Structure formats: C-alpha cells, structure tokens
Amino acid sequence: MEIKKKNFEVLHNGSINKSVGFTKKEREALGLRGLLPYSIASIEIQVKRVMSGIRRKAYDIERYILLSSLQDRNEKLFYKVTIDHIEEIMPLIYTPTVGQACKEFSHIFRRSKGFYITPEDRGDISTILNNWPENDIRIIVITDGQRILGLGDLGANGMGIPIGKLALYTACAGILPHQCLPVMLDVGTNNEEILNDEMYLGYPHKRLQGEDYFSLVEEFVQAIQKKYPKALIQFEDFLTPNAYKLLHNYKDKILCFNDDIQGTAAVALSGVYASTRLTKLKFSDLRIMFLGAGSAATGIADLMVAAFQSEGLTEDEARKRLWFVDIDGLVVSSRTNLMPHNLPYAHDANQLNFIEAIDTIQPHVLIGATGAPGTFTETVVKHMCAINEKPVIFALSNPTSRAECTAEQAYQWSDGKAIFASGSPFGKVIYKNKVFYPGQGNNAYVFPGIGLGCIIAEAKIIPDDLFLTAAKTLANLVDENNLTEGALYPKLTQIRMLSLEIATAVAEKAYELKITKNEKPDNLKQIIKAYMYDPCY
Ligand code: NAD
C-alpha cells in the first residue's frame, strides 16, 4: 500500500506501520525523525524480537493477546511472524487457544476488528455496511457464536473465530488483509453465565430464533450481494440444524460454504485418500464408519458419497458404504430420534451398539467426530485390528482434550498398526523404536486454498466438485516421506505452496464447470501466485 500519511499517524496505522523497520529515507520523507530509536531493523530481526516476546509469556492466552495487538500495530510483521512460524503460531491464533480467547473475549477486548450485526440493525444492514471502510471485500467469515468449537454458545464472544479464520486465510493463502471481513451476527445468547457477566459486550438478550433469525441472515446476505458481489461468505460455527438450513438455503445461489461441514469433509476425505497408499486398498472398496452423527461427520459422509460416485458407484451404493454410530448406537432406519441429515444414512439393519457395529459391518476406516473424549477405547482399537491389517483411525474431535483417543493410545493399542490422524495436533510418538508423526486433519489445509481459487476465478457457487478437487489435490501432495512417518498430510510449513496448488486446481475446476464470472486466463497459476499477499517491506 502506498504510504501517504505522515508522522504519528503512520506509526499508528497497522496496515502501513513498519515501526523500526522504516528506512532512513522513509523516516525523512514521512517526518519520522526523532520518533523512532536510531537503529533500523530488518523484518527478520523484528520477527526474532516478537518470537522471543511470545516465548517469554507464561500462558498461551497471553501469547494470543500479544499477537492480536501486533496485528493492530504492524500487520505485515504479524503475518511475517505467522507465516515463518506457522506450526507454533497457528495453535495460538486459532484452535486451541482461540477457544480460550473467545471465552474471555469480553474481558480481553482491546480494539474492535470486524463487523457486528444485531436484531436492532434490522432494516439498516445495507446502510451500516457502508461504515466499513473497504470497497473490495472478497472473503467474509460469519458466525452467530452458537456453537464455538466444542465450547457451545458463546454469543458475541465468538467473534474470535471469524478474526482467527481470516488471519489464516491471509497467512496460508495470501488473501489480502483488507479484502477480509470478520462478521458477528450477534442475535443474543442463551448462555446464562455470559448474560450475567457485567463485562459482556454482546447483545444481552436471549437468542433470536425461527423466522426472525433466518430473515435477519437473509437481509445480511442481500446487503453483501449488493455491496460486495464478489465476496465469498464462509459460515462458521453455527448450531448444526441452523448450519444445514443456511447451507441448504444458499449453497446453490451464492458463493458460500460452511467450513465445519464442507471444509472438514475435504480434509478428512483427503486423509482417507492418502491412507489407501499405505493400506493398498482401493478407495472404491472402502467401508467407513463414523462415531458421531453431527455436522462434521455428516459433512464428511456427504462428500464421500460424491467421491464414491466419481469412482463409478451409484448414490445408493455409495451411501451403503457409510455407517454412523451416535450416542444411541448404530443409526438405522427403525430409529425414531434421527435428524433430517441422518436419514439418508439410516440403513435397514439391526440396532447395534458401537462394538457390535464394528464387528458386523467391518469398517476399514473409523472416523470420530463426537466431541466426546475417550470414546475410542482399547477394545474399539483392538476390534478394528482384528478385522484390518492396518486400521485407519481418525480422532477428529477438538480441542486435543476431546479427541476420541490420543495418538499414543492408537499406536500402542494397535501394536503400531493403526494409521492415525487427529483434529488437533499430537506430537510425535515413539513406539517399539519406530517414530510416528501423526497427521493433523486441520481444515487450514484446504479452506484457504479453496477460497483463493474461488475468488480468483470469481466463482458464482461452490459445488461439491470443488471440495472433491481440493481433497484429491491435497492427497496427491502427501509425499512418501510423510507416509513413511505415518503422516497422512504434508507438513504445515508447506502451507503456502499447498494453498497455491489447491487454489489453482479449484479455479481450474470452476472454469471447467462454467460457474465463473470471468474467463480462464492462460497463466492461471502465475496469476494466483502474483495475487498472494507477501508480507515484506
Ligand atoms: P455436533 O454436535 O453436530 O455432533 C456431535 C455428534 O456426536 C452427535 O451426533 C452426537 O450424538 C454424537 N456423540 C456425542 N457424544 C457421543 C458419544 N459418547 N458416543 C457416540 N456419539 C456421540 O458436532 P460437530 O459439529 O459434528 O463436531 C463434532 C466434533 O468434531 C467436535 O469436537 C469438533 O471439534 C470436531 N471437528 C473437527 C474438525 C477437524 O478436525 N478438522 C472439523 C470440524 C469439527
């Protein structure tokens, strides 16, 4: 960005401030002489200073606050720190620390980042959107705070999620920071503890529900279509039934997706694709069982139906490969307590408990998305081993403390045979002298690249095919070294390259499907690469 402002204003504008990184010439031109210490620091030295400050802090929440202030003060430095130390910083600006940050949001609040809508704004959303200073927003992440990670209803405190997700869009895929917009649809909260907190910053009422709720979302969507017609809307951390309803309402009409459902699906599918290189099984032969039948598990299954269909199975055949067990046991057609999204997977079978279901259905792959820790017991892992030479076991629940089993348990209980991946990061495990590096099915592998591809191609919608493309592309980027170490995903340190590859493949597919507003350029990959924000001075 061209620097036009002067003096103090420059030092207090996070998008242009370089602080002690300003050169002698810039200090002269901008009237900064005397306002900074003598030494001119390279961005690399500034990164070192920030990292030593981060490492000195006693708690992750303090590290989060430090990084959040840095983002306000010197945006480029914040992103340089995040990109150069992605494995260390991602868990601080996103899960798991962001969960704590959301819980304490009203207490640690400093400077507002993002846009808030409450029921009092009904009828005015278009007008107040003009208060946002940017004209070319491309990615919006919106939540209503009702199901923040595994933490439940946090009301407006959930704003930490859109802020964190958009920071990842920029760090991982180079989406320009000023083209990102975090949005809190603050329709109240049913969390009494929050409502009774005198510091709570949100709309202090019970949640808006039903038609009043959906019509407010509709007004927001309309306002965005008018002011930012090229923007992608990512729905995030909505309560499962609302998440499905919103996705159903908008997925075929506007450029939008739900990361909890579709992003999770793409990253899990990618892991399953990669696992077949170790098990030597054909993807189209797999039987897959889910523990948990909520938005994450059902989203994965829905995309797997598309994946099986792309291998020649009919929709019906595909669904028969996918089985669910929830808190009440196997999901079967005779059950009367199922949600609409469970019905396509409620097969005609006997009602069985989890272990009986494993023994009867004999899945090759077991995927946990329950939020219930410890549900993959030793017995479960042993029964998976009894029917598989190399059982594939994904414990996707976040945060780490909610994982269905730990990496260590999976390797120990399976005597090193399990192919394991998790939702939250686990460190390396040494079992019988072999070192395992369990892969993390982190949504950040896919959503930034999908978003980047879609905005470059100016896609009008995001059909399943684009998620399928992202999953296949990511799986193909897993190299033999990753697999030898037991990792089903590439290293996060490669995320910018991975996002570029995914974005290119997704944009290619969007052009092929003729769902774009612009024509495919000859040098698509170079165009995407050139767009990507690179935080250097
Ligand atoms: P949800 O509330 O929609 O669904 C939870 C499901 O788990 C329900 O079907 C419930 O019946 C079932 N369940 C709960 N306890 C159970 C038990 N003891 N035994 C069997 N089933 C049980 O939640 P969701 O949005 O689907 O998310 C579930 C988990 O997946 C969360 O912990 C979330 O953090 C995680 N998740 C991970 C990723 C990722 O790794 N990339 C992405 C999204 C969500």
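Residues numbered from 1 in each chain as written. Predicted model: local features only at pLDDT ≥ 70, side-chain atom pairs only at ≥ 80, totals over all residues. Heavy atoms only, no water.

Enquirer: Before we go on, may I ask you to explain the environment of Leu232 in this structure?
Expert: Within the secondary structure, Leu232 sits in strand E4 (residues 232–235). Residues Leu232 and Leu185, spaced 47 residues apart in sequence, show a C-alpha to C-alpha distance of 16 Å. Setting aside residues no more than four positions away along its own chain, Leu232 makes contact with Arg138, Ile139, Ile140, Tyr169, Leu255, Phe257, Gly451, Cys454, Ile455 and Ile462. (Helix = DSSP H or I, 4+ residues; strand = E, 2+ residues; numbered from the N terminus. Contact = heavy atoms within 4.5 Å.)

Enquirer: For this particular structure, what's the right way to read the sheet that holds strand E2 (residues 139–143)?
Expert: Pairing between the strands of a sheet is mediated by backbone hydrogen bonds and can be parallel or antiparallel. Here we have 5 strands laid out as an open sheet, ordered E1-E3-E2-E4-E5, and parallel in their pairing. With partners counted over all chains shown, the strands left at the sheet margins are strand E1 (115–117) and strand E5 (256–258), one partner each. Along the sheet, successive strands turn relative to each other by an average axial angle of 20°, direction set aside. Both E1 and strand E3 (residues 180–185) contribute to a ladder of 3 bridges, which runs parallel. Paired with Phe115 across the bridge in E3 is Val183. Running over the sheet, helix H13 (residues 240–250) touches E4 and E5 and is turned about 160° from E5. (Pairing = 2+ DSSP bridges. Axes fitted to C-alpha atoms, helices over the stretch in contact; angles between N-to-C directions.)

Enquirer: When you look at a nonpolar patch on the surface in this model, what are you seeing that I'm missing?
Expert: Judged by side-chain polarity, Ile430, Val435 and Tyr437 come together as a nonpolar surface patch covering roughly 250 Å² of accessible area. Checked against the element boundaries, Tyr437 lands in the loop between strand E13 (434–436) and strand E14 (439–440). (Patch = residues over 30% accessible without salt bridge, like charges linked within 9 Å, V, L, I, M, F, W, Y side chains within 5 Å. Areas by Shrake-Rupley, 256 points an atom, 1.4 Å probe, with all protein chains shown as cover. Salt bridge = Lys/Arg side-chain N within 4 Å of Asp/Glu carboxyl O.)

Enquirer: Even after reading the chapter, I still don't get the packing of aromatic side chains, so can you show me in this structure?
Expert: Each pair of aromatic rings is reported with the distance of its centres and the angle of its planes. Going through the model one piece at a time under the given rule, you end up with 17 aromatic pairs. With a centroid separation of 5.1 Å and 55° between ring planes, the pair formed by Phe324 and Tyr345 is classed as tilted. Here the residue Phe324 occupies a position in strand E7 (residues 322–326), and Tyr345 occupies one in the loop between strand E8 (329–330) and helix H17 (354–361), the gap between them amounting to 21 residues. Accessibility assignment for this pair places Phe324 and Tyr345 in one class, buried. Ring pairing ties together the aromatic residues Tyr411, Phe420, Phe426 and Phe436, which thus form one cluster. For the cation-ring pair, Lys245 lies above Phe214, with the distance from its terminal atom to the ring centre recorded as 4.1 Å. (Phe/Tyr/Trp six-rings, centres within 6.5 Å; stacked < 30°, edge-to-face > 60°. Buried < 20%, exposed > 50% of the residue type's maximum accessible area, 1.4 Å probe, protein only. Lys NZ or Arg CZ within 6 Å of the ring centre and 35° of its normal.)

Enquirer: Looking at this structure, I do not really get the nonpolar core. What am I missing?
Expert: The nonpolar side chains of soluble globular proteins are, as a tendency, buried together. By size, the foremost hydrophobic cluster in this structure holds 128 residues, and its most contacted members are Val81, Ile288, Phe290 and Ile367. Apart from residues no more than four positions distant in its own chain, Val81 is found in contact with Val47, Val50, Met51, Ile54, Leu67, Leu70 and Ile89. Ranked by size, the runner-up nonpolar core spans 35 residues in total, among them Ile140, Leu208, Phe214 and Phe238. (Core = buried A, V, L, I, M, F, W, Y, C linked by side-chain atoms within 4.5 Å.)

Enquirer: Whenever I open this one, the site of the ligand confuses me. Can you help?
Expert: Around the ligand, a shell composed of 22 residues is seen, among which Arg147, Thr240, Ala293, Ser295 and Asn443 lie nearest. The contact in question runs from an oxygen atom of the ligand to an N or O atom on the backbone of Gly294, over 3.3 Å. Ser295 has a polar side-chain atom sitting 2.7 Å from an oxygen atom of the ligand. Calculation on the ligand without its partners gives an accessible area of 870 Å², and the protein chains cover 80% of this total. (Near = heavy atom within 4 Å. Polar contact = N/O pair within 3.5 Å; in protein donor to acceptor, adjacent residues only side chain to side chain.)

Keep in mind that these numbers describe shape and distance, not what the molecule does.
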